[in-house]
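Okay, here's what each chain looks like letter by letter:
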Amino acid sequence: MTPEERLTQVENLLETAARYINRHSQTIEQNQAEITQLRVSLNETLKLFSDLATYQRQSQEEIIQNQEEIRQSQADIRQNQQEIRRIWEYLLNQSGNGRSGN
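These remarks concern the structure in this document. Counting starts from 1 at the beginning of each chain's written sequence and moves along it residue by residue. Two thresholds apply to this predicted model, a pLDDT of at least 70 for residue-level local features and 80 or more for giving and counting side-chain atom pairs, whereas whole-chain, interface and lining totals are computed over all residues. With hydrogens and water excluded, all non-hydrogen atoms of the structure serve as input to the side-chain values.

### Some thoughts on the overall build of the protein chain
Step number 1: Looking only at helices and strands, the protein chain has one helix and zero strands in total.
Step number 2: Radius of gyration means the value over C-alpha atoms here, while the globule rule gives 2.2 Å times the residue count to the 0.38 power. Here the C-alpha atoms of the protein chain give a radius of gyration of 43 Å, more than 25% beyond the 13 Å that 2.2 N^0.38 yields for 102 residues.
Step number 3: Seen through its C-alpha atoms, the protein chain measures out along the principal axes to roughly 145 × 10 × 10 Å.
Step number 4: When each of the 102 residues of the protein chain is scored for burial, the buried share is 0%.
Step number 5: Note on areas: Shrake-Rupley with a 1.4 Å probe; residue coverage comes only from the protein chains shown. For the protein chain, the computed accessible surface area is about 9700 Å², with 54% contributed by carbon and sulfur atoms. Runs of H or I in DSSP of at least four residues are treated as helices and runs of E of at least two as strands, each being numbered from the N terminus. Burial classes: relative accessible area under 20% of the type maximum marks a residue as buried, over 50% as exposed, and values in between as partly exposed (1.4 Å probe, protein chains only).

Shown next, in the form of structure tokens:
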């Protein structure tokens, strides 16, 4: 092989190598852009999960508070029912006593 042919062969190899380097550089840049987008998506997803966890905690606290209020209301209702029975029995006794006296 003559020196000119050898030089041409080396030049061709260098051009091929340059094309590969360019192609791989573009692929690396695309991958970096995709990685950046994935990081943004991941951060958004983590924020959503964090917000969901906060909402769930708040909801559970509200449920617990509502359950306590219901228990208190039920206790108040039972107490009111007992008071109504006492008043009713008192009125019945008064009514019965008033008739017996006449």
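### Examining the pattern of salt bridges
Step number 1: Should a side-chain nitrogen of Lys or Arg be within 4 Å of a carboxyl oxygen of Asp or Glu, the pair is scored as a salt bridge. Under the definition given, this model contains three salt bridges.
Step number 2: Among the salt bridges present, the one from lysine 47 reaches aspartate 51, with a minimum N-O distance of 2.7 Å. A residue pair is termed a helical-turn pair when its members lie 3 or 4 positions apart in one helix, as lysine 47 and aspartate 51 do in helix α1 (residues 3–101) at four residues.

### Structural notes on the environment of glutamine 81
Step number 1: Within the secondary structure, glutamine 81 is located in helix α1.
Step number 2: Residues glutamine 81 and glutamate 34, spaced 47 residues apart in sequence, show a C-alpha to C-alpha distance of 68 Å.

### Brief notes about a nonpolar patch on the surface
Step number 1: In this scheme, patches are assembled from residues that exceed 30% relative accessible area and form no salt bridge. Like charges are connected within 9 Å, while nonpolar side chains (Val, Leu, Ile, Met, Phe, Trp, Tyr) are connected within 5 Å. On the surface, Ile87, Trp88, Tyr90, Leu91 and Leu92 cluster together into a nonpolar patch covering about 550 Å² of accessible area.
Step number 2: Inspection of the secondary structure puts tryptophan 88 in helix α1.

### Remarks on the environment of leucine 13
Step number 1: Along the chain, leucine 13 falls in helix α1.
Step number 2: Each C-alpha atom of the pair leucine 13 and asparagine 43 lies 44 Å from the other, and the pair is 30 residues apart in sequence.

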